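# Close look at the chain arrangement
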Amino acid sequence: MPREIRIKISDELYEQLQQAAAERHLPPEAYAGQVLDADLTRARFREGARGFIAEHAQGFAERFGDPASSSADAA
């Protein structure tokens, strides 16, 4: 279920928001929602990636080697 939030931004930022929204043929509110959704999705993805790395890094290093301990790049 969609929720409505109210935020306060400066007149300058609102003008930038209006311009960016107009370039995409969207109302400013819809564009702001899309930007917020994309930002939160990106944050969830990064958090998931960090969790995946933490969970599987040791097994990956055991199977393929640990680049931090490789001397091939030390030259």
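Residues numbered from 1 in each chain as written. Predicted model: local features only at pLDDT ≥ 70, side-chain atom pairs only at ≥ 80, totals over all residues. Heavy atoms only, no water.

For the chain, the helix and strand inventory stands at two helices and zero strands. The C-alpha radius of gyration computed for the chain amounts to 21 Å, which surpasses the reference 11 Å derived for 75 residues by more than 25%, pointing to a less compact arrangement than a globule. About 7,200 Å² of surface is accessible on the chain, with carbon and sulfur atoms providing 55% of the total. Considering the chain, the positive charge centre built from 9 side chains and the negative charge centre built from 13 side chains are found 5 Å apart. (Helix = DSSP H or I, 4+ residues; strand = E, 2+ residues; numbered from the N terminus. Rg over C-alpha atoms; globule rule 2.2 N^0.38 Å. Areas by Shrake-Rupley, 256 points an atom, 1.4 Å probe, with all protein chains shown as cover. Lys, Arg positive; Asp, Glu negative; His and termini not counted. Charge placed at Lys NZ, Arg CZ, Asp CG, Glu CD.)

Our focus in this paragraph is the environment of leucine 26. Summarising the element assignment, leucine 26 is placed in the loop between helix H1 (11–23) and helix H2 (28–64). A relative accessible area of 25% places leucine 26 in the partly exposed class. With sequence-adjacent residues up to four places away left out, leucine 26 is seen in contact with Ala21, Tyr31 and Gln34. (Buried < 20%, exposed > 50% of the residue type's maximum accessible area, 1.4 Å probe, protein only. Contact = heavy atoms within 4.5 Å.)

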